[in-house]
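Descriptive analysis of the structure
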Amino acid sequence: MKDWLGYLNGQEGWIKLYEANEYTEKFGLSLTKDGALKLMERRNEALRNEGRVEFGAGILTKLIYAFCDSDYVNAGEWDEILGRLTEIFYLYKNEMNDEITDDELIAFMRQQYDEVCCGDLDYLEGTCLDLFAQAIRAGYRGYQESGGYRECGQFDFLPHWSHGEFLVALNELCQ
């Protein structure tokens, strides 16, 4: 039975990844066969580590479609970014006790990745999602109305520089 499920899981996963690859090519991104295989292996390891089960390509194709047009994604790091996003996703599905849907979590991750983290996966994982998970575990449900969008300001207590403040500080450092 295990081999049969693995076979079906792999076949469906490959088809979905191939279809997603056709879409992402317009953004200059694609997975090689080797890259897709490594990504599926990484996904399976993340599932084992988090004690989760999933069939087909699962969350991978949703992550691909959600992140492929980000300004912070480039072809040279596409495989690695997808791998990290997959691991982060499963970790925080558990951390949020499955209170949030996949689509809500992905929407939150994408917005944070672009607008707050500027492509920094460590900051996404260690700060933004950690704060959001704490809020959800404490009973926050405001994200349900927005589908996970526009939630970042609710939990961002860290000070940020405006673009002007950044340029002034940079100018002072360079003198």
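Conventions we followed
Residues numbered from 1 in each chain as written. Predicted model: local features only at pLDDT ≥ 70, side-chain atom pairs only at ≥ 80, totals over all residues. Heavy atoms only, no water. Core = buried A, V, L, I, M, F, W, Y, C linked by side-chain atoms within 4.5 Å. Buried < 20%, exposed > 50% of the residue type's maximum accessible area, 1.4 Å probe, protein only. Helix = DSSP H or I, 4+ residues; strand = E, 2+ residues; numbered from the N terminus. Contact = heavy atoms within 4.5 Å. Axes fitted to C-alpha atoms, helices over the stretch in contact; angles between N-to-C directions. Parallel < 35°, antiparallel > 145°, perpendicular 65-115°, else oblique. Left-handed = near helix turned anticlockwise from the far one by under 90°. Nonpolar A, V, L, I, M, F, W, Y, C, P; charged D, E, K, R; others polar. pLDDT = per-residue confidence, 0-100. Salt bridge = Lys/Arg side-chain N within 4 Å of Asp/Glu carboxyl O.

1. Some thoughts on the nonpolar core
- If you look at the biggest cluster of nonpolar residues, it comprises 42 residues, and the most contacted ones within it are Phe67, Trp78, Met96, Met109, Leu124 and Leu129.
- Of all the secondary-structure elements, those providing two or more residues to this core are α1 (2-24), α2 (33-50), α3 (59-67), α4 (78-95), α5 (102-116) and α6 (121-137).
- The greatest single-element share of this core, amounting to eight residues, is contributed by α4.
- Not counting the four nearest positions on each side in its chain, leucine 129 is found in contact with Ile88, Tyr92, Met96, Leu105, Phe108, Met109 and Leu124.

2. As for the packing of α4 against α5
- Put simply, α4 and α5 touch, their axes get as near as 11 Å, and they point 125 degrees apart. Here α4 lies oblique to α5, going by the angle between them. Considering only the axes of α4 and α5, their crossing is right-handed. Packed against α4, whose contacting residues are Ile81, Leu85, Ile88, Phe89, Tyr92 and Lys93, the element α5 presents Asp102, Leu105, Ile106, Met109 and Tyr113 at the interface.
- Here the contact of α4 with α5 is built from residues that sort into nine nonpolar, no polar and two charged.

3. Describing the confidence of the model for the protein
- Per-residue confidence for the protein averages 82 on the pLDDT scale, and 77% of its residues sit at or above 70.
- Taking the mean pLDDT of every element in the protein, the minimum, 56, falls on helix α8 (residues 152-155) and the maximum, 96, on α4.
- Contacts of residues 1-8 to residues separated by more than four positions or lying in other chains number one contact, the stretch itself having pLDDT below 50.

4. A look at the packing of α3 against α5
- Relative orientation of the contacting elements α3 and α5 amounts to 35 degrees, with a least axis distance of 10 Å. Two packed elements cross with a definite hand, and for α3 against α5 that hand is right-handed. Mapping the contact onto sequence places Ile59, Lys62, Leu63, Ala66 and Phe67 in α3 and Asp102, Asp103, Ile106, Met109, Arg110 and Tyr113 in α5.
- Across the contact of α3 with α5, the residue classes break down as seven nonpolar, no polar and four charged.

5. Overview of the pattern of salt bridges
- Under the definition given, this model contains 14 salt bridges.
- Put simply, arginine 42 and glutamate 80 hold a salt bridge, and the shortest N to O gap is 2.9 Å. Linking arginine 42 in helix α2 with glutamate 80 in helix α4, this pair joins segments that are 38 residues apart in sequence.
- The exposure class assigned to glutamate 80 is partly exposed, which follows from its relative accessible area of 43%.
- The residue arginine 42 makes a salt bridge to glutamate 87 at a minimum N-O spacing of 2.7 Å. Here glutamate 87 lies in helix α4 and arginine 42 lies in helix α2, a separation of 45 residues in the sequence.
- Look at the salt bridges and you will find they share partners, linking Arg52, Lys93, Asp98 and Asp102 into a network.

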